[in-house]
Amino acid sequence: MAVGDGAPAAELGVTGDRDEFRRPDGRLLAAAGAALLLALLLAVLREAATAPSEGLDQIWIEPLSRVDRCVSCHRADAPAFLEAHGDLLDAHPPEEFGCTLCHGGQGPATRQADAHGDVPFWEEPLLDTRRARIHGVSRAQLMEMRCNACHRAQAEVRGMPTLNAAKQQVERKRCLRCHSIGGEGAFDAPDLTYEGDKHPTHYAFPDGWRGPRTALAWHVRHFTDPAAVVPGSAMPTWILPEGQAEALALLVLSWRRLDLPPRYWPR
Amino acid sequence: MKDRRPEFVRHFTPRTPREASDAIVRNFLLHAFPARITRAALGWRASGWLGTIALHLFLVLSLTGAVLLFHYIPSVERAYASVKDLEFIVSFGTWLRATHRVAAHLMVAVVVAHLVRVFLTGAYKKEGAPGAFRPLNWWIGIALLLLTFLLSFTGYLLPWDQLAYWAVTVGAQIAASAPLVGEALRELLLGGSSVGQPTLLRFYVLHCFLLPGLTAALVAWHMWRLRKDGGLAVTDRVADAAREGARVAPPAPGKTYTLMGSTPGATVQAHAPSLLLERESVTAIPAVVRRSLAVFCAVLAVCSLLGLLLPAPLEEPANPAVTPNPAKAPWYFLWLQELVSLLTFRVGGFVVDGAFLGGILLPGVLVGLLAAWPFLDRSPREAAGVWFHPSRRRQNRVFLALLLAAVALMLVGTFFRGPYWAWVWPWETAPPPPSWV
Ligand code: HEM
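Now for a description of the structure that goes with this document. (Residues numbered from 1 in each chain as written. Chains lettered and ligands numbered in written order. Predicted model: local features only at pLDDT ≥ 70, side-chain atom pairs only at ≥ 80, totals over all residues. Heavy atoms only, no water.)

1. A few points about the overall build of chain B
Rules: Counting from the N terminus, the helices are the DSSP runs of H or I reaching at least four residues and the strands are the DSSP runs of E reaching at least two. For each residue, the accessible area found with a 1.4 Å probe, counting protein chains only, is set against the maximum for its type, and the residue is called buried under 20%, exposed over 50%, and partly exposed in between. Per-residue and other accessible areas follow the Shrake-Rupley method at a 1.4 Å probe size, with only the shown protein chains counted as cover for residues. Positive residues here are Lys and Arg, negative ones are Asp and Glu, while His and the chain termini are left out of the count. Throughout, a charge is located at the NZ atom of Lys, the CZ atom of Arg, the CG atom of Asp or the CD atom of Glu.
Scanning chain B from N- to C-terminus turns up 17 helices and 4 strands. Across its three principal axes, chain B shows a C-alpha extent of roughly 80 × 60 × 40 Å. Relative to its 437 residues, chain B shows a buried fraction of 49%. If you sum the accessible surface of chain B, you get close to 21,700 Å²; carbon and sulfur atoms cover 70% of it. Side-chain charges of chain B comprise 39 positive and 24 negative groups, with the mean position of each set lying 9 Å from the other.

Following this line, the structure appears as structure tokens:
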């Protein structure tokens, strides 16, 4: 045993049994190491459990900087897919249009609840059968709201019967007598050009509101009875045929600002 | 005994104190440690090791942050999407993000706890061994506290979600309420008159490069000062006790494990308590090195586990048209936000500006008081390095009362404030916000 400067090493608590910190710190180190391994293991397990079972696939739409990973679960070449979309695919090829422009939902997500937008903080949920039903419309009707964000300038589009009818109502009821849309019309009532962009938290729901607290339900009620949601409203009350309040509500909600290159605007 | 470990593993088992201390001086990483340390300073009681824990949290943040840097895009169009990608497709991205977030919250809490420890033990006191001047380290510490807040605040903006956007908007409003320089300050902070791309770029550079670099530099200075001050303040008390008990051998000449450098008048060797305290101390290798490693692993483990349990929030994309109601500051600023709202009121036609009083004046006064405290504290030198020394009873009480008040306001802000900052009970759940469909 070497003794550098006279003092026996053991006496100074350096080596051997006199290293009083060895056991408690060794134990802490072991516990921390075990906890770290556990964390790693759990992280790996979670990573494996949340990955899409079919592997990851995506449609990256370069000109829009959008990504839709729906195709991880819904193959765009499956027979059911081709059947559901029919000749829509000719004018809107999925590799250029993705999915969420028509369907809503959270494109980048890879887990079902996230992708279908059934999570807090995602504002454009999937327009699915359930959401359609609580508003008393069909899924196809609900989706027309999205079709018309692009097709708003056309009076008549195949595959959009509900909104085609609503557009006729707007002509017939002469909304532009009071409202303005795209700079046309009068300015006695709110501008409706981008009515669909009005944030849901900016709607006033009257006390005792029944039914879903959604902008769509608000508009349906407003078209049936304006004064019921906006006390003293100067908007006329019409006796609308069955389903027309819903159609008008879907129409005004489709009027949204979309920042798209020309290729994505129908002629 | 023959060493059986394979030769390519570098290993080192000092056989003598001299070898142990030589190693400290020779090795770049190890030379941050002292050669010897008193058992009192090494123990958990003196410091709770809170400073070291804060340092290790900073390391965890730097490590996780460095990986996040490879994925994050500091552009208002793509920042949010890049964070979503971290959540959804980057391997272990969710965990990485959550761990970074948890470590950030913990670091704020631990740095404050460290300050509280230093205060309650009077470890900032100016009366020390010759050549020691602990107030300087206390001031570096205050700068580190402010840097910790700034790091946290700048990181808050990066995801570019509603939480981020409005927290920074509120923060900028408070900065703008400063007299005379307010508007200029806001412009400087935001790079414009509202939160936008210039703000994001500024906060990105600050958060990822400038502030961490500054923090690392100040931490190094903090550690260097700690050595110049002769170790933790508790060491001085151990030295007193040793002197009184006359158990000390006269300073032995020719030792190599001394503090480096010298002070005017006398060499540090002659006064360094650690030299007088051979029996009260152990060599840093292995005791300090091993315990530091253990603490680092524990910190890393706690952050990783919490990172699995507590996902980092990501709200809606930033939307200037939609103000969340209420827009709450992060928890460690909530007591100030609460004060801002309490101090904003109307006397006749005159509106008292709570943003200035609660957001600028009061924090400014508090930081000023903290900085001046080593010179306002008139307790004897024996009070340094001792928990709750009787001579410091009154100041400790006032300090703790202020701390408790801040914590109480934080709790109020977290659990009892609803829309328009009105009082709500935690069990009064607001209806879910309306949606489009
Ligand atoms: C980034 C934040 C900080 C880091 C990484 C850090 C790190 C450390 C470390 C490792 C120590 C050694 C003792 C211990 O573990 O407690 C220490 C001591 C000390 N710190 Fe800090 N610190 C930070 C912030 C602060 C703050 C906010 C203050 C007070 C304003 C402060 C004041 C001091 C003082 C005065 C000492 C000497 C204590 C003594 O002599 O007993 N530090 N610091």
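Still more ground to cover, so stick around.
2. A short note on the nonpolar core
To keep it simple, the criterion reads: Definition used in this section: a nonpolar core is a set of buried Ala, Val, Leu, Ile, Met, Phe, Trp, Tyr and Cys residues joined via side-chain atoms within 4.5 Å. Between two residues, a contact is recorded if the distance between any of their heavy atoms is within 4.5 Å.
Leu42(B), Trp138(B), Leu157(B) and Trp160(B) are the most contacted members of the largest nonpolar core, which totals 86 residues. Once residues lying within four places of it in the same chain are set aside, the contact partners of Leu42(B) are Phe21(A), Ile37(B), Trp49(B), Val282(B), Ala287(B), Val288(B) and Arg291(B). Ranked by size, the runner-up nonpolar core spans 37 residues in total, among them Met145(A), Cys175(A), Ala217(A) and Ala245(A).

3. Considerations on the site of the ligand
All names here are of chain B. The condition that has to hold: To be near a molecule or strand, a residue needs just one of its heavy atoms within 4 Å of it. Distance and chemistry together define a polar contact, namely a pair of N or O atoms within 3.5 Å, with one atom able to donate a hydrogen and the other to accept it when in protein, and with adjacent residues in sequence counting only for side-chain atoms on both sides.
Around the ligand lies a shell of 27 residues, among which His114, Arg117, Gly141, His222 and Ala233 are the nearest. Between arginine 134 and the ligand, the recorded distance is 3.4 Å, taken from a side-chain N or O atom to an oxygen atom. Between the ligand and histidine 222 there is a distance of 2.7 Å, counted from a nitrogen atom to a side-chain nitrogen or oxygen. Secondary-structure elements contributing two or more residues to the shell around the ligand are α4 (50–69), α6 (93–120), α7 (134–157) and α10 (197–228). With 8 residues, the single largest contributor to the shell around the ligand is α7.

4. What about the interface of chain A and chain B?
This is how it is decided: Joining two parts hides part of their accessible area as seen by a 1.4 Å probe, and the buried area is that hidden amount summed over both. The term salt bridge refers to a pairing of a side-chain nitrogen on Lys or Arg with a carboxyl oxygen on Asp or Glu at a separation within 4 Å. Each residue is assigned to one of three groups, with Ala, Val, Leu, Ile, Met, Phe, Trp, Tyr, Cys and Pro labelled nonpolar, Asp, Glu, Lys and Arg labelled charged, and all others, Gly among them, labelled polar.
Taken together, the contact between chain A and chain B spans 57 residues of the former and 52 residues of the latter. Interface of chain A and chain B: buried area, both sides summed, is about 4,800 Å²; carbon and sulfur atoms make up 67% of it. One can count 3 salt bridges joining chain A with chain B. Seen at the junction of chain A and chain B, the total is 14 residue pairs in polar contact (both at pLDDT 80 or more). Among the elements of the structure, α1 (22–50), α8 (139–151) and α10 (215–224) of chain A are those that each provide at least two residues to the side of chain A that touches chain B. The greatest single-element share of the side of chain A that touches chain B, amounting to 15 residues, is contributed by α1(A). Split by residue class, the side of chain A that touches chain B holds 31 nonpolar, 10 polar and 16 charged.

5. Re the pattern of salt bridges
Going through the model one piece at a time under the given rule, you end up with 24 salt bridges over all chains. The salt bridge involving Asp87(A) is made with Arg158(A); its shortest N-O contact spans 3.3 Å. Of this pair, Asp87(A) sits in the loop between α2 (79–85) and α3 (88–91) while Arg158(A) sits in the loop between α8 and α9 (161–173), and the two are 71 residues apart along the sequence. Asp87(A) gets classed as partly exposed once you look at its relative accessible area, which sits at 47%. Among the residues examined, Arg158(A) registers a relative accessible area of 70% and is labelled exposed. Here Arg15(B) and Glu19(B) are joined by a salt bridge, their closest N and O atoms 3.0 Å apart.

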